[in-house]
Amino acid sequence: MSWIQKPEYPVKEQLPRIEHHEKLPYGAVELARTTEPNEGDTVVFVQQRDHLSILKADSWLRKNGTLKYRCSQADFPLGVLPWFADALTEFRKPPAQGGLHAGAMTSADEDVEGEMLCIERAMNAGRGVGGYTIVNWSRKSRLVPRAEHFSPQQITFADNFLYEAGLLDLIKDLGEKYRRGEL
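About the thresholds
- Residues numbered from 1 in each chain as written.
- Predicted model: local features only at pLDDT ≥ 70, side-chain atom pairs only at ≥ 80, totals over all residues.
- Heavy atoms only, no water.
- Pairing = 2+ DSSP bridges.
- Helix = DSSP H or I, 4+ residues; strand = E, 2+ residues; numbered from the N terminus.
- Axes fitted to C-alpha atoms, helices over the stretch in contact; angles between N-to-C directions.
- Contact = heavy atoms within 4.5 Å.
- Expected span 1.5 Å × (residues − 1).
- Buried < 20%, exposed > 50% of the residue type's maximum accessible area, 1.4 Å probe, protein only.

Student: How do you make sense of the sheet that holds strand E2 (residues 42-48) when you look at a structure like this?
Tutor: As a general point, the strands of a sheet are linked pairwise by backbone hydrogen bonds and lie either parallel or antiparallel. Spatially, four strands are ordered E1-E2-E3-E4 in an open sheet, and the strand pairing comes out antiparallel. The open sheet has two edge strands with one neighbour each: strand E1 (29-35) and strand E4 (67-77). Each strand axis lies, on average, 20° off the axis of its neighbour in the sheet, ignoring direction. Two strands pair when backbone bridges link them, and strand E3 (residues 51-61) and E4 are joined in this way by eleven bridges, in the antiparallel orientation. If you follow isoleucine 54 over to E4, its bridge partner there is alanine 74. Here helix H3 (residues 167-179) sits on the sheet and contacts E1 and E2; the angle it forms with E1, its principal contact strand, is near 165°.

Student: Got a minute to help me understand helix H1 (residues 80-92) in this structure?
Tutor: Helical periodicity: at 3.6 residues per turn, an α-helix aligns residues three or four positions apart in one direction. With 13 residues, H1 extends 17 Å between its outermost C-alpha atoms, agreeing within 8% with the 18 Å of an ideal straight helix rising 1.5 Å per residue. Buried within H1 we find Val80, Leu81, Pro82, Trp83, Phe84, Ala85, Ala87, Leu88 and Phe91.

Quick look at the structure:
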């Protein structure tokens, strides 16, 4: 008998699937683009109405010489932008300053514009680098084909991508635009 995970929260309908980061669906708007420093993936922030799709795209040559392309997508409410920067700051606070208990690997689930999100510590976010994962418990992973099994949508960012390569600053800038009503 296999183990079937059931969703803890109501599951939202999937946003339109973006098959290629250079071919966005009608009405989708690219907000920002950057390159992940460890794997070289292109990371694109795309607004789909009042939601954010974060794409990770890469391509490589197969042994037979053909090109393989992959574009993963994780969806969130646009409010994830200001929420993530604030939640990550809280997550990283030491217990003495009101942070989580020592050794905590996940934050509490929080309602962000009707979707339940949390941050988890990732021990291997790419090539032995730690990082953080944004988990959306309100959206089913597109990687899990079985209808009866639930796995949340999530995306992981390496520490050096966030802090040294400027991703956190980019997210903060987008979060400020969102707070000002510019997105």
